[in-house]
Amino acid sequence: GFNIGQAQAAPFDAETLWAFEAGIKVEARDLPLHATASTFQYNYRNIQVAVLSPVAPPSGLPILENAARATVRGAELALSADATPRLSLGLSLAALDARYDDYVSIDPNNPMVSPDRGGNRLPLAPRWSLDLTTGYRLPLASLGTLTLHADWNYRSSAFFSPFNDPATRQSGYGIWGAKARLDAVDAAWYAAIFGRNLGDCLYAQDMVRADGQVGTLAVWGPPRTVGVELGLRL
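Visitor: Would you mind going over the layout of surface pockets with me for this structure?
Guide: Remark: the empty space left among the atoms is shown by a probe the size of a water molecule rolled over them. In this structure, the largest pocket spans a volume of roughly 560 Å³. Surrounding the largest pocket, 30 residues form its lining, Ala50, Val51, Phe160, Met207 and Val208 being those nearest its centre. Listed by contribution, the elements that provide at least two residues to the lining of the largest pocket are β2 (33–52), β11 (204–210) and β12 (215–220). Taken as a whole, the second largest pocket spans an internal volume of roughly 170 Å³. Residue lining of the second largest pocket: Leu124, Ala125, Pro126, Arg155, Ser156, Ala158, Phe160, Gln170, Tyr173, Tyr203, Ala204 and Gln205, and that is the complete set. Considered class by class, the residues forming the lining of the second largest pocket number 8 nonpolar, 3 polar and 1 charged.

Next up, the structure:
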């Protein structure tokens, strides 16, 4: 393809990927336990990377260029169990090592730094991810069933730039939420109240650094949010 509007930018090549994965799924006979585990490796060739144009004058618009090679290795584990007929528990854990093997690119914000990016971590690739969930179901006679749910999600630090610029690094953070939902006996309606990011954690969903134009900008994740849901099944 070509970078529209960037006369001095080179065209970019097709990206190819070889993906290898092996896994196992287990359901315990005598226990209400379900487990899945997998390991994987992705081998990228000519991986397409979005960066700010290093040509002058900078446009502020990203272009696509190719990194010669990148490798992603990881493993995932998921467990779910019904601890009691009413209480359910869940855990999901992922480990990730995602790096460029061969990539040469000039950082327009630090043009005097070596352009060799081999060994850099891929953007948006935290080393660790952890999700914990719990739910409790409580029958309320003729009124229906009340379900209480809570979850906690953790992501370790990650970069938003292939240059691994500290200015575009998000530190590790955890977010938790809760929900209470009432379902009618005949399933004709439901009502719920929920809260997301109840700890009011400040975290970035995206970051971009463009010195001399906009500086460093962040797109922040939603703050503490509470709401209600009402549903009617016809």
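Text resumes after the structure shown.
Visitor: Help me out: how do you make sense of the pattern of salt bridges in this one?
Guide: Side chains that differ in sign of charge can pair as their charged atoms come close. Under the defined criterion, the tally for this structure stands at 8 salt bridges. Ionic pairing is found between Arg69 and Asp101, a salt bridge with its closest N-O pair at 4.0 Å. With Arg69 in strand β3 (residues 62–82) and Asp101 in strand β4 (residues 87–102), this pair connects stretches of sequence that are 32 residues apart. Since its relative accessible area comes to 35%, Arg69 is described here as partly exposed. Judged by its relative accessible area of 33%, Asp101 is partly exposed. For Arg99, the salt bridge is made with Asp97, and the minimal N-O distance between the two is 3.0 Å.

What counts, and at which threshold
- Residues numbered from 1 in each chain as written.
- Predicted model: local features only at pLDDT ≥ 70, side-chain atom pairs only at ≥ 80, totals over all residues.
- Heavy atoms only, no water.
- 1 Å grid on protein atoms, 1.4 Å probe; cavity = no way out; pocket = protein on both sides within 12 Å on 5 of 7 lines; lining within 4 Å.
- Points joined across faces, edges and corners; volume = space filled by probe spheres on them.
- Helix = DSSP H or I, 4+ residues; strand = E, 2+ residues; numbered from the N terminus.
- Nonpolar A, V, L, I, M, F, W, Y, C, P; charged D, E, K, R; others polar.
- Salt bridge = Lys/Arg side-chain N within 4 Å of Asp/Glu carboxyl O.
- Buried < 20%, exposed > 50% of the residue type's maximum accessible area, 1.4 Å probe, protein only.

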